[in-house]
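Secondary and tertiary structure notes
Spelled out, the chains give:
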Amino acid sequence: LPPLDGYKCLNTGILERLNAGEIVIGDGGFVFALEKRGYVKAGPWTPEATVTHPEAGAQIVGVNCHFDPLTCVKTVKMMKEGVEKAGLKAHYMVQPLAYHTPDCNCQGFIDLPEFPFALEPRILTRWDMHQYAREAYNAGIHYIGGCCGYEPYHIRAVSEELAPERGFLPAASEKHGLWGAGLEMHTKPWVRARSRREYWENIRPASGRPKCPSLSTPESWGVTKGHSDLLQHKEATSTQEMKHVLEKQKKVKSSA
């Protein structure tokens, strides 16, 4: 739906917008803001939760964070199957990471050794975001956003991919040419040859890091929600506690 008088739709509730058939482009901040205000509660998000308890009555079903876009889209597809099998209806939402995480285990990117300060080599390109947006829409997901790692140009790419369905381009599209069209003005002919969708859809970007592996080994400590090691502290970790953590880290790595 095209925006009326600018962005009046921002004053409309999320359910009203989805019920009206709008494709909503969001970011992780939306979910976190809802949680802070008490409208949503963190908890089980796996497909099993939806399939086992579809009668819970949620009007919007989806996933947020911890895994890459295509993994999250696949997960929402499983949720959708569970809801439909139960004869129920819901809207679907997805807000994944902006990082490639094919090597994650069940806890997601928090177990990767690069988390949280060396994840940049995993960042998705704007062209990856186009693919994600199309996959999500084709899966029947109408709230399509992002969480950790997303930058404005990522959300712009999602919006641009779905512009035909939404009826308008995002305002930021005025700042560049779609699918590299601005490269038509480049002085180098081999760069001008890249000013087309086919080139960027098929690019296989290199990392430029010859000594780095393509995949990592997640740190599987074998602890999850409820374990004493995961209790939140009010004060900084003590020297003794840090010693314990480092010893456990060494043990886990030696047994990997």
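The structure reproduced in this document is the subject of the present report. Here the structure is a predicted model, which means the values were calculated and not measured. (Residues numbered from 1 in each chain as written. Predicted model: local features only at pLDDT ≥ 70, side-chain atom pairs only at ≥ 80, totals over all residues. Heavy atoms only, no water.)

**Comments concerning the overall build of the protein**
Rules: Starting at the N terminus, helices and strands are each numbered in turn, a helix being any DSSP run of H or I of at least four residues and a strand any DSSP run of E of at least two. Working definition: with a 1.4 Å probe on protein chains only, accessible area under 20% of the residue-type maximum means buried, over 50% means exposed, and in between means partly exposed. Two residues qualify as a contact provided that any one of their heavy atoms is within 4.5 Å of a heavy atom in the partner residue. A 1.4 Å probe and the Shrake-Rupley method give the accessible areas. Residues count as covered only by the protein chains that appear here.
Helix and strand counts for the protein come out as 10 helices and 4 strands. The secondary structure elements of the protein, listed N-terminal to C-terminal, are α-β-α-α-β-α-β-α-β-α-α-α-α-α. Expressed as a percentage of the 256 residues in the protein, the buried residues total 33%. Partitioning the contacts of the protein with sequence separation of at least 6, the portion at a separation of at least 24 is 70%. Summed over all atoms, the accessible surface of the protein reaches about 16,400 Å², with 56% contributed by carbon and sulfur.

**Structural notes on the environment of Gln131**
By the secondary structure assignment, Gln131 is in helix 5 (residues 126–138). It is 9.5 Å that separates the C-alpha atoms of Gln131 and Ala157, two residues lying 26 residues apart in sequence.

**Notes on the packing of helix 4 (residues 69–85) against helix 5**
Applicable threshold: Axis lines are fitted through C-alpha atoms, for helices just across the contact stretch, and the angle between N-to-C directions can take any value from 0 to 180 degrees. Each angle is binned into one of four classes, with values under 35 degrees roughly parallel, values over 145 roughly antiparallel, values of 65 to 115 roughly perpendicular, and all other values oblique. Residues are grouped as follows: Ala, Val, Leu, Ile, Met, Phe, Trp, Tyr, Cys and Pro are nonpolar; Asp, Glu, Lys and Arg are charged; every other residue, Gly included, is polar.
At a minimum axis separation of 10 Å, helix 4 and helix 5 run at an interaxial angle of 0°. Considering their axes alone, helix 4 and helix 5 lie roughly parallel with respect to each other. Across the interface between the two elements, Pro69, Leu70, Val73 and Lys77 of helix 4 pack against Gln131, Tyr132, Glu135 and Ala136 of helix 5. A per-class count over the contact of helix 4 with helix 5 returns 5 nonpolar, 1 polar and 2 charged.

**Remarks on the sheet that holds strand 1 (residues 24–25)**
The line we're drawing: Here, a strand pair is defined by DSSP locating no fewer than two bridges between the strands.
As summarised here, the arrangement of the 4 strands in space is 1-4-3-2, forming an open sheet in which the pairing is parallel. Strands with a single pairing partner mark the edges of an open sheet, and in this sheet they are strand 1 and strand 2 (60–64). Both strand 1 and strand 4 (residues 143–144) contribute to a ladder of 2 bridges, which runs parallel. Residue pairing across strands places Ile25 opposite Ile144, the latter belonging to strand 4.

**Some thoughts on the nonpolar core**
The cut-off we apply is this: Only buried residues count toward a nonpolar core. Its members are Ala, Val, Leu, Ile, Met, Phe, Trp, Tyr and Cys residues joined through side-chain atoms within 4.5 Å.
Counting 34 residues, the largest nonpolar core has Val94, Phe109, Met129, Tyr132, Ile141, Ile144 and Val158 as the members making the most contacts within it. Mapped by element, the contributors of at least two residues to this core are strand 2, helix 4, strand 3 (91–95), helix 5 and helix 6 (152–161). Sorting elements by how many residues they give to this core places helix 4 first, with 5 residues. If we skip the residues at most four places from it in the chain, Phe109 touches Cys65, His66, Leu97, Tyr99, Thr101, Cys104, Phe115, Leu119 and Cys148.

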